[in-house]
Structure formats: structure tokens, C-alpha cells
Amino acid sequence: MSLPKIAQVVGRAIPVLGDDIDTDRIIPARFMKCLTFDGLGEYLFYDTRFDEDGSEKSHNLNLPCFRDASIMVSGANFGCGSSREHAPQSLYRAGFRAIVAGNFADIFFGNATSLGMPCASTSRENLEKLSSALETDPNLEVVVDVENLQVRYGSELMPCEITPGARDSLLNGSWGPLEELLTATNGIEKTASSLPYA
Amino acid sequence: MNSKNLFEKVWDDHTVGELANGQTQLFIGRHLIHEVTSPQAFGMLREKGLPIRYPERTFATVDHIVPTDEVSEPYSDILADAMIKELRKNCTESGITFFDIDSGKQGIVHVVGPEQGLTQPGMTIACGDSHTSTHGAFGAVAFGVGTSQVRDLLATQTMAMNTLKVRRINVNGDLGTGIYAKDVILHIIRLLGVNGGTGFAYEYGGSVFNEFSIEERMTACNMSIEGGARVGYVNPDLKTFAYLKGRPYSPSDDKWDEQVSVWSSYSSDEGCSYDDVVTIEGSEIAPTVTWGINPGQAVSIGENIPHPDQVAKHEKAGVIEALEHMKLTAGAPIQGTKVDVAFIGSCTNGRLSDLEEVASRLPGHKVKEGLKAIVVPGSQLVSKLAMEKGLDKVFIDAGFEWRAAGCSMCLAMNPDKLVGDQLCASSSNRNFKGRQGSPTGRTMLMSPVMVAAAAITGEVCDARTVFG
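Computed from a prediction, not measured in an experiment: that's the story for all the values here.

Trainee: Mind laying out the overall build of chain A, listing which residues take part and the relevant values?
Mentor: Along the backbone of chain A there are 8 helices and 8 strands. At 18 Å, chain A has a C-alpha radius of gyration in line with the 16 Å of a compact globule built from 198 residues. Over its C-alpha atoms, taken along the principal directions, chain A stretches across nearly 60 × 45 × 30 Å.

Now the structure itself:
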């Protein structure tokens, strides 16, 4: 496996609060008219950050103090809706390397993991506590510890969850599964020929 | 004690093996692709020098970006034009069947698959589109996937997956007159929440689903993902087999009986276990419309818009945000909300039976002056069959625009968009902020007949009153 092992992500964090943040919100559909994912970082949360005339709205992503954040903190059901990988791609290309939220929509979770971007779930109380700490001190160093299933900052330590398969693949550098899938040539043939349809 | 549900049977039959991280390597029998989520996958394979493993198991169509009024190429939107050309090129180079614009078979991928007979019971199906759950209406296990998985599927016909829990949802009794599959699924999502299905496949059953036509089952399965469930399905039955008989990719007559018995064997066994069971009384379901910015924020037509003070503490901020975006008043009746645009179409409700049901109500009615009302058939075949029945004329006479097939104003990647804060009564599946092309645009989801009633009166109303 040539992919890096991701045992933890360390960096500054930005609260983007609210439940049910959908993938249309993360990357509006009109920015999906593209043949590659290049440049999507620019349009992250575009309609939440900008008015229709292009002027900035009040949003944490527009604040200079959060500009260097690489960890996003949000609410429950993050990434619900469309299966568009453009959503985690735009987060990744905008510099994000981990998301901490209440929980994640299944498809988003898989898409983000396959980019090597851990998605850690924690309780509402923990999220509120972390967010208010960040509002007070945006320079806080936050650790998303994939190995020990913890989110740490200052003297705080909060437990988090990452689905076992995803956690294992981050830890052993197999989060992009294609290489491993390709090795099962015989098994694939066998399954294909055993099916009652072609 | 070896009884299994359909999900477990299909999963087991398609399991290639276990991956090092404990996930399953799952074989996907049918892979469907479209222009938005596939070009990057083809690009990744080209970069790695990998061929397409089973091109005969992948089928393509173009739906998201196609214009529905001026359909000739090149498209005026150069980005959209580049996307259709790229898909055409990728399919030609890889030997993938492409239901192109000139095929007579083009349309929304989740309408095309079933009507071509590509979707069959007991299959695994995947597509880079969350509404792939639609195909579960046939007793297939169908996953929406991301582009990296599209890449994995093109290269290996398999993907890495965690298994899902299965929640059986029984809708018992009978539905009242004027209550549709759309009302049933909106009711289910309202009840279980937009996050309630995370980690689950939904198995729908009970007398209401038994009575449903295949197209009604598709409407319900389609929106499973709006309840957080990646997969939704109904066990196959005689209606399923009758729907599939004679379709282009259905089994031939000489293999039919054998295939039907295989298909039947995938049904959930009597007495099989589920991770959860939910039971809903069909007679309690009313015409349902959304008032907010996710599909779970819905009320029945006789109810009032919720007040932030009446909901659970953690929901309060979401309700306030939704009311602000929707410009609706807390506690006010949902009936009477003024509508600017009416949209009938989408992979949820753009099939022939949807258009027939609306058209049967329209004679003698006119779309309210100043209101924009469009009908976008789900596929070229739906359009053709509807026109053979004269439905296009019925819609046009009533003041609707009759368009060409595509996703259109469901997500507005083509020129069909809301303008400013227009409010759209929509038969589609998502009411997210900005979903229909204008960041301040507003969407209210409802059944096609309810959309038509709103188009006629200019406001959200009870279609049973308008049409008698």
C-alpha cells in the first residue's frame, strides 16, 4: 500500500454549526459542471459564504482567524443528501483533513474516508463545548486521534467514534481500497460467474 | 433458523471476500453512470493505466445537465456541452452502452434502468447518484456511491462496503383517496427523521406497499436516502415480474420461468429477523408537504407550520433557520402559501403513471396566470408513451410547458432554475437551500397531483378539494 497511514490529524479547527448540513450546501450543484475536481476548494459552502452579488456574508469560513483551519466541526447528519464526491473533495481542496460532527450521512462518510479525511463522531455536548472553545480561541490546536478515538484540545479529551472498517483503513494506509480490490482477480471472476444474471 | 431477509441474501451472494480492514468486497452486477460523477473516475483510471473490467455491466445515460427546451447540440452552456461530449467519448472508448440523446432511450438514470429492464430482483446495483435507492423497488439492493467508488467499480466491478442493518417498515391498512406514494414516503421521513436511516437499509412492506404499483414503489424507494437510508427495497412479487416481462434487457421468454423462480427466492424469508421494525397505519397518512429545508420538515396539508418553541431543544435552531429561508410564519397554516413555480418531474415522480394521474385531473382547469408550470418527463420513453396518449396536449392546454427528458429543476444543473426567492411546488425529492438553482429559491415537496393543484390555485392547497 502506497498511501500514508493516518493515525491522527492535528491542526486548527473551525466551527460550522448546525445539523443536517447537506452536500448541496457544501458544494452547490452549479459548481459540479466540471470534468475534474480541481478548483472545487474555492466554492466550498459558496452560497452560505457569499451573497448573489459576490459580497461576503457573515460566516466563520470568511473570518481570517479561521483561515488556517484544517478540521471542521459541525452538527448531526453532516453531508446528507447527494452522493456527490465533489463535497468532500471541495473540503479537502480547501485544506480540510478531518471533520468532527455529531454523525455523518453514510455516502459522505465513505467518500471522505476514501480521500483519507477522517470523519469522527462525538456527542452534541462535546461539539458545543469544542465550538465555544474555538470561538474563544481560534488558535487552539485540536487533535483528531484516529488510533485512540479521541478529540483533544487544551486539557480536554473527548471520546469519538469512527466506523471500525474506516478507522482500520486510515490506520493501515488502505483508505483508497482500489489496490486491494484489484488483487482479488480470481474471487471476482468466481463471484461473477456464480450469479444468476450476467 | 437459517432464514434471511432479502438484503442478507443479496449481500451474501455478491460477497467476493473480506478486506484487510474488515469491510466486504462486494460485487456489483449492474453499474449505471451519468455525466456528472463519472468523468473524474475515467480520468483516474487513465492516470493509472487501468482498463474497464466488465464494460458490459455498465450502462450510461445523460440526465443532469441536459437542457429540456433547446435540446440541439452544441449546448449554449459550454461546460454542459463538454460534459456530454466527455461521457460520449468515455463510453465509446470503453465499449460501454450509452443511451445517448439520439437513442430514444435517454432520460434520468433511475427511470431508464427500470424501463429498459436493467433493474432486476436480487441484483446489486450502484450508481454515482444518491437516488440509486430507487432500484430497490424491484427487490434489488442498490447503492448510491461516490466517484472514487465509480472508479473502483469500473476497474474491478467491486467496491469496499460495510454491511447495513435492516429496518422493516410496515405500512398497514389502506391509504385514503388522493393519498400517494409520495405522501407515504414524506410521512415516513417526517416520522423517522432525515438521520433516522443512517446505517440502515429500509425494507418496505405491508398492505400499502403490496397494493402499490411498481412505479409507486419506485417513488418511495427513491427517497429512502432522504431518510438517511442508503438502500430501500420492496420484496419482489408478481407485479415486479409483470413489469419486467418483455423489456429490452429482461430475460428472454425461454429463460423466463427459471429466472422468475430465482427472483422469487431472494424475497425475505418468513420469520427472518430485522434490526428494527416500524409499523405505520396507512389510513393516518394525509397529503404531505414540506415547509422547511430538509425533507423531514413536513406537515400534512391540514396542519400548521411548526413553531420553534414547540420543537425539541436541539431542533429549534434548525426550525428558525428553515422558516427564515422559506419566509414562512411559524404557526401559520401551510395551506394558502403562495406559489410562483410548479415543477412536475424528477426520478421521484417523473414516470408515466405520475403524468397520467395528473393529466386525468387537469381537464377544465388552467394554471394560474403568471405562474410558471413545467412538466419534464423522466425519460424519452416516458415522453413518447405520454405523447401517444395525448398527455402532452392535456398539460399544454392547461397551461403547462411540456419539456424534453432530464433531471431539470430538481437540481437545476441545466437552464431550468428558480429566480430569486421564487417558491416552487415541486414533485422532486430535495428542498435544500438553493437546490433548485437560486441560492434564495424556496422548494416545497409534494406529490405531482398536489403540485398541479398548487399550479391551478397559485397556492399550496388540498388537491382533493380542487379536483373533487
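What follows picks up the thread again.
Trainee: Provide a residue-level description of the domain arrangement of chain B, including the pertinent values.
Mentor: Residues and elements named next belong to chain B. Domain annotation for chain B reports domain 1 (6-161), domain 2 (165-237 + 264-284) and domain 3 (288-467). Between the C-alpha centres of domain 1 and domain 3 there is a distance of 28 Å. Contacts between the two partners involve 20 residues from domain 1, matched on the other side by 21 residues from domain 3. Sorting elements by how many residues they give to the side of domain 1 that touches domain 3 places helix 4 (residues 109-115) first, with 4 residues. Class assignment for the residues of the side of domain 1 that touches domain 3 results in 8 nonpolar, 8 polar and 4 charged.

Trainee: Tell me what's going on with the pairing of strand 6 (residues 142-145) of chain A, and back it up with residues and numbers.
Mentor: Residue and element names in this part refer to chain A. Here strand 6 shows a clear split, with Val142 and Val144 buried on one side and none of Val143 and Asp145 buried on the other. The sheet contact formed by strand 1 (residues 8-11) and strand 6 spans 4 bridges and is antiparallel. Pairing of valine 9 across the sheet is with valine 144, part of strand 6. Of the pairings in the sheet, the one linking strand 6 to strand 7 (residues 150-153) comprises 4 bridges and is antiparallel in character.

Trainee: A description of the sheet that holds strand 4 (residues 98-101) of chain A should follow, citing residues and the corresponding values.
Mentor: All names here are of chain A. Spatially, the 4 strands line up as an open sheet ordered 2-3-4-5, and their pairing is parallel. The outermost strands of the open sheet, each flanked by one partner alone, are strand 2 (13-15) and strand 5 (119-121). Going from strand to strand, the sheet's axes swing by 20 degrees on average, the running direction of each strand aside. Taken together, the 3 bridges between strand 4 and strand 5 define a ladder with parallel strand orientation. Within strand 5, the residue paired with valine 100 across the bridge is alanine 120.

Trainee: Give a description of the sheet that holds strand 7 of chain A that names residues and reports values.
Mentor: All names here are of chain A. If you trace the 4 strands from one edge of the open sheet to the other, you get 1-6-7-8, paired in antiparallel fashion. A strand with exactly one partner marks an edge of an open sheet, and here the two such strands are strand 1 and strand 8 (156-159). Going from strand to strand, the sheet's axes swing by 15 degrees on average, the running direction of each strand aside. Pairing geometry for strand 7 and strand 8, over 4 bridges, is antiparallel. By the bridge assignment, tyrosine 153 is partnered in strand 8 with glutamate 156.

Trainee: Which residues make up the interface of chain B and chain A, and what are the values?
Mentor: How big an interface is tends to be stated in terms of accessible area lost as the parts join. Listed by partner, the interface residues are 63 residues for chain B and 54 residues for chain A. Among the secondary structure elements, those contributing two or more residues to the side of chain B that touches chain A are strand 1 (15-18), strand 2 (24-27), helix 2 (39-48), helix 3 (78-94), helix 5 (147-156), strand 8 (158-161) and helix 11 (313-326) of chain B.

Trainee: With reference to specific residues and values, describe unusual backbone geometry.
Mentor: Going from B:Glu73 to B:Pro74, the amide bond is cis rather than trans, its omega being -5 degrees. Of note in the backbone geometry, A:Asn77 takes a positive phi value of approximately 60 degrees without being a glycine. Turning to its location among the elements, A:Asn77 is positioned in the loop between strand 3 (71-73) and helix 3 (86-93). At B:Gln157, a residue that is not glycine, the phi angle is positive and equals roughly 65 degrees. If you trace the backbone, B:Gln157 turns up in the loop between helix 5 and strand 8.

Trainee: I'd love a proper account of helix 1 (residues 6-13) of chain B, names of residues and values included.
Mentor: Inspection of helix 1 of chain B places B:Leu6, B:Phe7, B:Lys9, B:Val10 and B:Trp11 among the buried residues, and these make up the whole buried set. Buried positions along helix 1 of chain B lie against strand 1, strand 6 (124-127), strand 7 (141-144), strand 9 (165-172), strand 10 (200-205) and strand 11 (231-234) of chain B.

Trainee: Before we move on, can you summarise helix 6 (residues 181-192) of chain B with the specific residues and values?
Mentor: Residue and element names in this part refer to chain B. For helix 6, which comprises 12 residues, the first-to-last C-alpha distance of 16 Å matches the rise-based estimate of 16 Å (1.5 Å per residue) to within 8%. Of all 12 residues in helix 6, 10 are buried; the element is thus mostly enclosed. Those residues of helix 6 not exposed but buried are Ala181, Lys182, Asp183, Val184, Ile185, Leu186, His187, Ile188, Ile189 and Leu192. Downstream of helix 6 by one or two residues, glycine 193 has phi in the positive range, about 90 degrees.

Trainee: Tell me about the packing of helix 2 of chain B against helix 5 of chain B, and please be specific about residues and values.
Mentor: Residues and elements named next belong to chain B. Running from N to C, helix 2 and helix 5 cross one another at 55 degrees; their axes reach a closest spacing of 8 Å. When the interaxial angle is binned, helix 2 and helix 5 end up oblique. Handedness of the crossing formed by helix 2 with helix 5: right-handed. Contact residues: Gln40, Ala41, Met44 and Leu45 in helix 2; Thr147, Val150, Arg151, Leu154 and Ala155 in helix 5. Looking at the contact of helix 2 with helix 5 residue by residue, the classes come out as 6 nonpolar, 2 polar and 1 charged.

Trainee: Any details on the pairing of strand 1 of chain B? Residues and values, ideally.
Mentor: Bridge analysis of strand 1 of chain B against strand 2 of chain B gives 3 bridges, and the strand direction is antiparallel. Note on strand 2 of chain B: the bridge partner recorded for B:Gly17 is B:Gln25.

Trainee: So, the environment of B:Arg403: which residues are in play, and what are the values?
Mentor: Residue and element names in this part refer to chain B. Considering the arrangement of structural elements, one finds arginine 403 in the loop between strand 17 (401-402) and strand 18 (423-426). When the C-alpha atoms of arginine 403 and threonine 24 are compared, they prove to be 43 Å apart, with 379 residues separating the residues in sequence. Look past the residues within four positions of arginine 403 in its chain and what remains in contact with it is Thr68, Asp69, Ile374, Val375, Val376 and Ser408.

Trainee: Summarise the environment of A:Arg49; cite the residues concerned and give the values.
Mentor: Residue and element names in this part refer to chain A. On the secondary structure map, arginine 49 appears in helix 2 (residues 46-49). Exposure remark for arginine 49: the 15 C-beta atoms within 10 Å place this residue in the partly exposed category. Apart from the residues within four sequence positions on either side, arginine 49 is in contact with Glu56, Lys57, His59, Leu61 and Asn62.

Rules and cut-offs
Residues numbered from 1 in each chain as written. Chains lettered and ligands numbered in written order. Predicted model: local features only at pLDDT ≥ 70, side-chain atom pairs only at ≥ 80, totals over all residues. Helix = DSSP H or I, 4+ residues; strand = E, 2+ residues; numbered from the N terminus. Rg over C-alpha atoms; globule rule 2.2 N^0.38 Å. Domains from an automatic or database assignment. Contact = placed C-beta atoms within 7 Å. Nonpolar A, V, L, I, M, F, W, Y, C, P; charged D, E, K, R; others polar. Buried ≥ 20, exposed ≤ 12 C-beta atoms within 10 Å, placed from the backbone. Pairing = 2+ DSSP bridges. Axes fitted to C-alpha atoms, helices over the stretch in contact; angles between N-to-C directions. Expected span 1.5 Å × (residues − 1). Parallel < 35°, antiparallel > 145°, perpendicular 65-115°, else oblique. Left-handed = near helix turned anticlockwise from the far one by under 90°.

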